[in-house]
Each structure stands twice: as structure tokens, then as C-alpha cells.
Amino acid sequence: MPATPNDPSQAEITVSAAPDAVPERIDRFLAIHLPDMSRSRLKSLIESGAVHRDGQSVRGPAEMVRPGSLYRLRLPTPAPAIPIAQHIAFPILFEDDDLIVLDKPAGMVVHPAPGSPDGTLVNALLAYCGENLPGIGGEKRPGIVHRLDKDTSGVMVVAKTEFALAALSALFAARDLERLYTALAWGVLTPREGDIEGAIGRDPRDRKRMAIVRHGGKPALTHYRAMATWYDAVTRMECKLATGRTHQIRVHLSANGHPIIGDPVYLRRIPAVAKSLDQDVKNALLDFPRQALHAGVLGFRHPRTGENLRFETPLPEDMMSLIDLLDHNS
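Everything numeric here is computed off the predicted structure, so don't read it as measured data. (Residues numbered from 1 in each chain as written. Predicted model: local features only at pLDDT ≥ 70, side-chain atom pairs only at ≥ 80, totals over all residues. Heavy atoms only, no water.)

A. Inspection of the pattern of salt bridges at higher detail. This structure, assessed with the given rule, holds 18 salt bridges. A salt bridge links Asp-27 to Arg-39, with the nearest nitrogen and oxygen atoms 3.4 Å apart. With a gap of 12 residues between them, Asp-27 in helix 1 (residues 26–33) and Arg-39 in helix 2 (residues 39–47) connect regions that are remote in the sequence. Among the residues examined, Asp-27 registers a relative accessible area of 2% and is labelled buried. Of the charged contacts in the structure, one is a salt bridge between Glu-95 and Lys-160, with a shortest N-O distance of 3.0 Å. Remark: Lys-160 occurs in the loop between strand 8 (153–159) and helix 4 (162–174) and Glu-95 occurs in strand 5 (residues 92–95); sequence separation between them is 65 residues. By relative accessible area, Glu-95 is classed as partly exposed at 33%. Under the relative-accessibility criterion, Lys-160 is labelled buried at 6%. One connected set of salt bridges, linked through shared partners, spans Glu-12, Arg-72 and Arg-74. (Salt bridge = Lys/Arg side-chain N within 4 Å of Asp/Glu carboxyl O. Helix = DSSP H or I, 4+ residues; strand = E, 2+ residues; numbered from the N terminus. Buried < 20%, exposed > 50% of the residue type's maximum accessible area, 1.4 Å probe, protein only.)

Pasting the structure below:
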């Protein structure tokens, strides 16, 4: 039975244009006949190909209604309000009733979001914990205390209880913990050990990027130390976070002329120092498919026992392969 025009809860809705209907934009026509749906929502559905006229796809929101035609709107299946459990393997370093410490693989998004509705760490945690997850706020979900970018690998801690979430969040807010990252960056930093400081906010020229800004940003401080250099073109460095801003290490290094190898957002051109490299080394560095950044160390006090915990994970295989190539050709 066809859905009625005023019942947007159905998976499919049909609306007939009267034989004497006045031609008007299809998005406006549907908005009038489907008052429970906003015009912007209908415009988005039209643009996604969800609306058909007499069996033919409607090309755009501005297309004029044809009198006597039948319009069919197919609604996409709504996404669940709570992420679904998915069995996805991830390395566990420590677990008890309050928290899980894990080594997040590069390429895994932490939390479902537009563009990454599933396959995330949260989906994996829901499947792994099952009924043994006390939950947060009355829901069986893990408490995300901090995040790593999709293509950054390394140590993370996740709360299993509200108590742990509140206590760990307080530690992160007070910066009362240890966080060390390893980065492979272009160029050689001078001095070889020091601080990079600069408030971070949205890049006014590109809202998808972060940048050091003069106004409206949040204070950010990164301690760094060069561990090794190759060809005066590449540096392996240890970065210690004094603050935890979005993309902090990536922004600070890039703003100082030393973007992280493989960074798809903050490495905008081929660095001049790449010209001095052998072709095979140069190609391997320029073709590296992600930012070469690993959260290698996380140390904090256990929220319940007060015990000092410290977790360290080795560099992932892809970063080690780059280092081996640099060592072999140096």
C-alpha cells in the first residue's frame, strides 16, 4: 500500500501532483505536502537521488513540478542512535573493571561520525565488552576520554564506567599524565630540543584545518627532541604534549616548517629538502599514505587504585620500514 503524503515515518512516500497544479520547484512542492520534513532535508534527499518522478530520477531541487505526475520519495534507513557492536580486532594492553588501555591501529576512526558511520573503535569496543560494559549515562557505551586522529596509531585509554570517565577526564584536563609521540618529519629542527608554542584554532582560510592563530585559539605547547636525522632532510623526533589540542603536533611542526611525513592535511607541497634524497628514498617518503605519527607512551594514575600506570608500544611496521630504508641508504 503506498504511503500517505503526511506520514514521513514510512520508508517510501508518494505524492501526486494535480492535473492543474501550478509549476513550482520540486523542493518547495514536497515541503508543502510533507510539513513534517524541512525543505533543507528534502533538498538533500533530492540531491542524493532519493526522489523519482514517474519512475525517472529528479535531477535537482530547482526542477519544476509537472502537473499530473507521481513523485516517489524513498527515505534511507535511519542510522541507529547508539552505535552497533562490530567484531573488529584491536590490541589490548591492559583491562580491568574500570578501563581498557589499547594500541589503536592507524586507519581506525575512534567514534562514529559523518563519513565514518561504523567500523570505528567504539563499534569494536561495544562488541568486545558485550554485557560486561557497565556503561556511561545509563547507556552501554564506552567513555571516550581522548582521541587519536584516524591515521595516528598508538596508546589510548577508554573508560568503562562513569567513575573512570570522570576521573580520567579530570587527569587530562589538569594535564596530570604523560603522553609521548614519535614523529617522522621533514627537515632538521634547530635547536634539536625545545618547545613549540602557539594557540591553535580553526584555520580562517580552510575550516577543515587547524592553525596557529592570533585570536580565538586555545593555548598549546609541544616539547620536542630530535632522536635521529638522515641526509639533513628527515628527523625522527619525540614530542611530549603539555596540552592536548586538535592536531596539535601536526600543526606545530608544520607551522615551523617541518611537516610530518605523509600528512594529508598539513603537507601541501614537496619539501625542498626532498631534492637531496635518492629517488627510491624520496618516493617512499612522498608516497607514505598517512601522517607518520605514533602515540608511543601513555602514563597516568589509575582512577580507583591510584597506581601509576605507564604503557609503551613499539612503532608500527609501516613507520619502521621507513626508518629501515633511511638507515640502509644513509
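What follows picks up the thread again.
B. The packing of helix 1 against helix 2, seen in detail. It is at 9 Å that the axes of helix 1 and helix 2 come closest, and there the two elements cross at 125°. In terms of orientation, helix 1 and helix 2 fall into the oblique class. In this structure, the crossing between helix 1 and helix 2 has a hand that is right-handed. Residue-level inspection shows Ile-26, Asp-27, Arg-28, Leu-30 and Ala-31 of helix 1 in contact with helix 2, the latter providing Arg-39, Leu-42 and Ile-46. Its residues assigned to classes, the contact of helix 1 with helix 2 comprises 5 nonpolar, no polar and 3 charged. (Axes fitted to C-alpha atoms, helices over the stretch in contact; angles between N-to-C directions. Parallel < 35°, antiparallel > 145°, perpendicular 65-115°, else oblique. Left-handed = near helix turned anticlockwise from the far one by under 90°. Contact = heavy atoms within 4.5 Å. Nonpolar A, V, L, I, M, F, W, Y, C, P; charged D, E, K, R; others polar.)

In short, the description is geometric, and any link to function would need to be established separately.
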